[in-house]
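Descriptive analysis of the structure
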Amino acid sequence: MSRRGVWWALAVWLFASQAAAIGVAARVNRPHPVGAPVEFAANGVGTGALTFTWDFGDGNASEPSESGTVTHVYDAPGHYPVIVVVKDETGAVRSDSFLQTVHRPLPERPPAAASTIVHHARAGRVCNVNADNDTVSCLSTETLELLFEVPVGKHPRTLAVAPDDTLWVVNQDDASVSVLDVDGGSLGTIELPRATKPFGVVMSPRGEKAYVTLQATGEIAEIDLASRAVRRAPVGPWVNGVAVDAAGERLFVTRLISNAEEGQVFEVHPDSLEVVRTFRLAMDPGPDTEASARGVPNYLRSAVPSPDGTFLWVPSKKDNVLRGGARDGLPLTFETSVRSIVSLVDLAENAEVLGRRVDLNNRALGLSLAFSPLGDYAFVGLLGNDGVEILDAYDGRVVGGAKGLGKAPDGLVLDDAGRLYVNSFLSRSVVVLDASEVLSSVSFALDVVAEVEVSSAEKLTPEVLLGKQVFYDAADRRMSQDSYISCASCHLDGFEDGMVWDFTDRGEGLRNTTSLLGRRGTGQGRLHWSANFDELQDFEHDIRGAFGGEGFLTDEQFSEGSRDTPLGDSKAGLSAELDALAAYVASLDRVNPSPFRAPDGSLTPEGWRGLQVFRRAGCPDCHGGPDFTDSPTGNLHDVGTLRPTSGQRLGDTLEGLDTPTLRGLWETAPYLHDGSAATLFDVIGDRNPDDRHGATASLSDVERQELVSYLLQIDNVALEDEVEPPGAAPPAARVGCSVGGPGPGLGGAWIGLATVLWGARRRWRRGGGAESVRGA
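Our subject in this report is the structure included herewith. (Residues numbered from 1 in each chain as written. Predicted model: local features only at pLDDT ≥ 70, side-chain atom pairs only at ≥ 80, totals over all residues. Heavy atoms only, no water.)

With that settled, the discussion passes to the overall build of the protein chain. Scanning the protein chain from terminus to terminus reveals ten helices and 42 strands. Along the first, second and third principal axes, the C-alpha set of the protein chain runs to 105 × 65 × 45 Å. Relative to its full complement of 776 residues, the protein chain shows a buried share of 60%. Summarising the internal contacts of the protein chain: among those between residues at least 6 apart in sequence, 59% fall at separations of at least 24. Of the roughly 28,100 Å² that the protein chain leaves accessible, carbon and sulfur atoms contribute 51%. Mean positive and mean negative side-chain charge positions of the protein chain (68 and 106 charges, respectively) differ by 4 Å. (Helix = DSSP H or I, 4+ residues; strand = E, 2+ residues; numbered from the N terminus. Buried < 20%, exposed > 50% of the residue type's maximum accessible area, 1.4 Å probe, protein only. Contact = heavy atoms within 4.5 Å. Areas by Shrake-Rupley, 256 points an atom, 1.4 Å probe, with all protein chains shown as cover. Lys, Arg positive; Asp, Glu negative; His and termini not counted. Charge placed at Lys NZ, Arg CZ, Asp CG, Glu CD.)

Shown next, in the form of structure tokens:
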């Protein structure tokens, strides 16, 4: 029975009652827009004449009246607690209450944002990407049963429904878009430039174009839906999520990895593809408490316009890079290091409203978000907590939520029946929740209706899958205290977060987060800049220490022999979860391909010449071999980059650093152990004044440009496997040359564009924290 029906039934019962009692039943109203008259009505029973008094929840109240009906106008959106009080002649009093929803005016169609899961309303289904298994699945919204799972390209990240009911799926690892019909049949593939790492896709409400973010090159791609022609334009570093307003007039693109000062969202003109403005998400001033902290917004994976078009909501994590023994004298704690936040950008003022930023307590990696149709509630997917948080969109309060929703929710969508679908990508399932009472402001519980297995085409081994689940799970008390931190907090997708952390309190110092990609766990040698771990299971120390977790070993196991010290007795074989974690990290055997290479994946002529400079400068002495590192030898090197803030090694003297691999260098700035080199030019220049880090002081400007060009092209091809491309000048002819300015880019038209992007990325750097690429 509806709430209105319940109200009438209760009213009839009240009046039919023979008892000398007093009662009141208020009619629960439908939502109303701001400024519209809202009629309230109540029925009552009691002795003699009755008087009704209404409190409208906005600071206004009615005068007592014998009429149970009254009208009120609200001048602001909100969920207002309305209370009606009835009083009879004996002085007896009763009351009833409910929430009145008042919303802003809504456009004819809602805005759109990239997501891992979409509602295909006309086809009666919900579809999601299965990123690990290279497939897309669709389930029926009528039966909640899986309809199909079909293969697409490598590593699908997001998908969107086109106006002609086709599904467009962005495949990151092979830089393509798969187009499917409503039954999952292939309608072709749109190839994007090699190694551009596309991520987000959104359809223009105008029905003509799709927009795709190209993360590796910092571009937006516009695809004509009819001709499938592709047009690209530079936007900014690390472009990732993408959204469009209801009119198709404003395009929003997130920067996934922030610089050390602020998060950024770019507004792009949907026709010219020019950057209109940059929304800056401020460094949070804190304070650091058990329920808040300072920090910079980071991992901006999505931006979602509110349905009324008033705000742009940006869920992210927040990194406290202001705290630490070398920075402010305070040690990092489990609740002040990494937190989850939602930032709000006022789209009329074109600026973030810092005072409305929502800090989610005891939560990890809330990176996805979906709105109720009215925009009055926001659902935040908690990637690190296996749950969903419900926020009142008008005041930012957490009003409800649910936990235990599979593993690692990374996308949310509502259907027309008020059900919320959660893409739990690490349990290979979509969890269906009943959100109807949330949408009507009756209850804030999210009851599970079904959990549908959506992917059986498993490509990971059981141990690697378990390890990946452990890697992301901050809700496991063994991993983290109060559900704040997991390995993925700083290594999303096995990569890094671009931040320099102050680990002085851990017996270390300033440490630039390193990517785990391509390292095969300990396949390249010991771990961290100071080589303070020799097996992945040594992360038990971070888990028990900085994370505040209980640990995956028993206390007896941990304290046996020298196991309670890094580099001590082995921890392998004692915990299935730690061993699985090690297996997952070991499975990360490739870096992302470099977009600075030629379109066929070979070195450019300039890169080839840079390889010769690399050899002459003596770089292979330490950065040689198949992995570009001598880390397996156990040698530590002091190349002149140590400073007092470099701290210690395992609480003792830091005499040198482990040699990092050069694989994937193109996307890992800032560089060096403390992030003190914003670019590779800084590495071979200002930060290497006495040639202790390679013989670079005597290089000409052209040679420096060539060397950097090669470094930016190092990916999964071994040094000895590189082939000289056509047009490369003989290396001997270039020894000792001296040209006043840098060379003409990275060679070729496409590489010329990469050079423009690289230069633009350097200009986007703020305060020396170049964050177009991240540190090796």
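Attention now goes to the pairing of strand β22 (residues 251-255). Each regular strand carries side chains that alternate between the two faces of the sheet. Counting buried positions over the five residues of β22 gives five, a clear majority of the element. Residues Leu251, Val253 and Arg255 point to one face of β22 and Phe252 and Thr254 to the other, with burial holding for every one of them. Pairing between strand β21 (residues 239-244) and β22: four bridges, direction antiparallel. When the bridges of β22 are listed, Val239 appears paired with Arg255. Where β21 folds back onto β22 in an antiparallel hairpin, the turn is made up of six residues, including Gly248, whose phi is positive at roughly 75 degrees. Relative to strand β23 (residues 263-268), β22 is paired through four bridges, and the arrangement is antiparallel. (Pairing = 2+ DSSP bridges.)

Now for unusual backbone geometry. In this chain, Gly286 is followed by Pro287 through a cis amide linkage whose omega measures 15 degrees. Among the secondary structure elements, Pro287 is positioned in the loop between β24 (275-281) and β25 (296-298). The omega torsion of the bond from Ala669 to Pro670 falls at 0 degrees, within 30 degrees of zero and hence cis. Here Pro670 lies in the loop between β42 (652-653) and α8 (680-684). Here the phi dihedral of Leu567 falls at roughly 70 degrees; this positive angle occurs in a residue that is not glycine. One non-glycine residue, Leu650, lies in positive phi territory at about 55 degrees. Relative to the helices and strands, Leu650 resides in the loop between β41 (648-649) and β42.

The geometry of an aromatic ring pair comes down to the distance between the two centres and the angle between the two planes. Applying the stated criterion across every chain, the model contains 14 aromatic pairs. Ring geometry for Phe40 versus Phe56: centroids 5.5 Å apart, planes at 35 degrees, classification tilted. Of this pair, Phe40 sits in strand β3 (residues 37-45) while Phe56 sits in the loop between β4 (51-55) and β5 (69-73), and the two are 16 residues apart along the sequence. With respect to class, Phe40 is no different from Phe56; both count as buried. Through successive ring pairs, a cluster of aromatic residues spans Phe40, Trp54, Phe56 and Phe98. Residue placement shows Lys197 over the ring face of Phe495; its charged tip is 5.9 Å from the ring centre. Over the face of the ring belonging to Phe311 we find Arg356, whose NZ or CZ atom lies 5.0 Å from the ring centre. (Phe/Tyr/Trp six-rings, centres within 6.5 Å; stacked < 30°, edge-to-face > 60°. Lys NZ or Arg CZ within 6 Å of the ring centre and 35° of its normal.)

With 43 residues, the main nonpolar core has Leu383, Phe471, Tyr472 and Met479 as its most contacted residues. Counting residues per element, the ones that place at least two in this core are α3 (462-472) and α6 (576-586). Top contributing element to this core by residue count: α6, with six residues. Apart from the residues within four sequence positions on either side, Leu383 is in contact with Arg301, Ala364, Leu365, Leu367, Ala408, Pro409, Asp410, Phe425, Tyr472 and Leu492. In terms of nonpolar packing, the next biggest core, distinct from the first, is built from 29 residues, Leu611, Phe614, Cys619 and Leu719 among them. (Core = buried A, V, L, I, M, F, W, Y, C linked by side-chain atoms within 4.5 Å.)

The next point concerns the state of the cysteines. Tallied over the full model, the rule gives one disulfide. The partner cysteine of Cys127 in its disulfide is Cys138, sulfur to sulfur 2.0 Å. Taking the torsion about the sulfur-sulfur bond, which here is approximately 105 degrees, the covalent link between Cys127 and Cys138 counts as right-handed. Taken together, the residues span a long stretch of sequence, with Cys127 in strand β10 (residues 125-130) and Cys138 in strand β11 (residues 135-140) at a distance of eleven residues. For Cys127, a relative accessible area of 0% corresponds to the buried category. Cys490 forms no disulfide, and the closest cysteine sulfur to it belongs to Cys487, at a distance of 9.4 Å. Cys490 gets classed as buried once you look at its relative accessible area, which sits at 18%. Cys619 carries a free sulfur, and the closest cysteine sulfur to it, the one in Cys622, is 9.1 Å from it. (Disulfide = S-S within 2.5 Å.)

Close contact between α3 and α6 brings their axes to 7 Å; oriented N to C, the two are set at 100 degrees. Classified by the angle their axes make, α3 and α6 are roughly perpendicular. For the pair formed by α3 and α6, the contact residues are Glu463, Val464, Leu466, Gly467, Lys468, Val470 and Phe471 on the first element and Ala576, Glu577, Asp579, Ala580, Leu581, Ala583, Tyr584 and Val585 on the second. Of the residues assigned to the contact of α3 with α6, the class counts are ten nonpolar, one polar and four charged. (Axes fitted to C-alpha atoms, helices over the stretch in contact; angles between N-to-C directions. Parallel < 35°, antiparallel > 145°, perpendicular 65-115°, else oblique. Nonpolar A, V, L, I, M, F, W, Y, C, P; charged D, E, K, R; others polar.)

Turning next to the sheet that holds strand β38 (residues 447-453). Sheet architecture is open: four strands sit in the order β35-β36-β37-β38, paired in antiparallel fashion. One side of each edge strand has no neighbouring strand; the edge strands of this open sheet are β35 (409-414) and β38. The mean angle between the axes of side-by-side strands here comes to 20 degrees, regardless of whether they run parallel or antiparallel. When β35 meets strand β36 (residues 419-424), the two strands line up antiparallel, connected through four bridges. Bridge assignment links Pro409 to a residue of β36, and that residue is Ser424.

Here we come to the sheet that holds β22. Taking strand neighbours across the sheet as the criterion, the five strands line up as β8-β21-β22-β23-β24 in an open arrangement whose pairing is antiparallel. At either end of the open sheet lies a strand with only one pairing partner, and these are β8 (112-113) and β24.

Turning our attention to α6. By the burial criterion, the buried members of α6 are Leu578, Ala580, Leu581, Ala582, Ala583, Tyr584 and Val585. One side-chain oxygen at the N-terminal end of α6 lies 3.3 Å from the backbone nitrogen of Glu577; it belongs to Ser575. (Polar contact = N/O pair within 3.5 Å; in protein donor to acceptor, adjacent residues only side chain to side chain.)

What follows covers helix α7 (residues 605-616). Relative to the 16 Å expected for twelve residues at 1.5 Å per residue, α7 spans 17 Å between its end C-alpha atoms, a close match to the ideal helical length. In terms of burial, α7 is largely enclosed, as nine of its twelve residues are buried. Those residues of α7 lying buried are Glu606, Gly607, Trp608, Arg609, Gly610, Leu611, Gln612, Val613 and Phe614. Contacts made by the buried residues of α7 are with α9 (701-713). (Expected span 1.5 Å × (residues − 1).)

Another aspect to go through is the pattern of salt bridges. Side chains that differ in sign of charge can pair as their charged atoms come close. Inspection of every chain in the model, using the stated rule, returns 53 salt bridges. The residue Glu560 makes a salt bridge to Arg563 at a minimum N-O spacing of 3.4 Å. A residue is classified by how much of its surface remains accessible, and Glu560, at 49% relative accessible area, is partly exposed. Using a relative accessible area of 11% as the deciding quantity, one classes Arg563 as buried. Each of Asp284, Lys318, Arg339, Glu352, Arg357 and Asp359 takes part in a single network of salt bridges with overlapping partners. (Salt bridge = Lys/Arg side-chain N within 4 Å of Asp/Glu carboxyl O.)

With that settled, consider the environment of Phe379. Looking at where Phe379 falls in the secondary structure, it is placed in strand β32 (residues 377-382). According to the relative accessible area criterion, Phe379 is buried, its value standing at 0%. For the pair formed by Phe379 and Thr166, sequence separation is 213 residues and the distance between their alpha carbons is 26 Å.

What follows deals with the side chain of Thr101. Within the fold, Thr101 resides in strand β7 (residues 93-103). Polar contacts involving the side chain of Thr101 include one to the side chain of Ser441, which spans 3.3 Å. The contacts of Thr101, once residues within four sequence positions are left out, are Pro31, His32, Gly78, His79, Leu374, Asp376 and Ser441.

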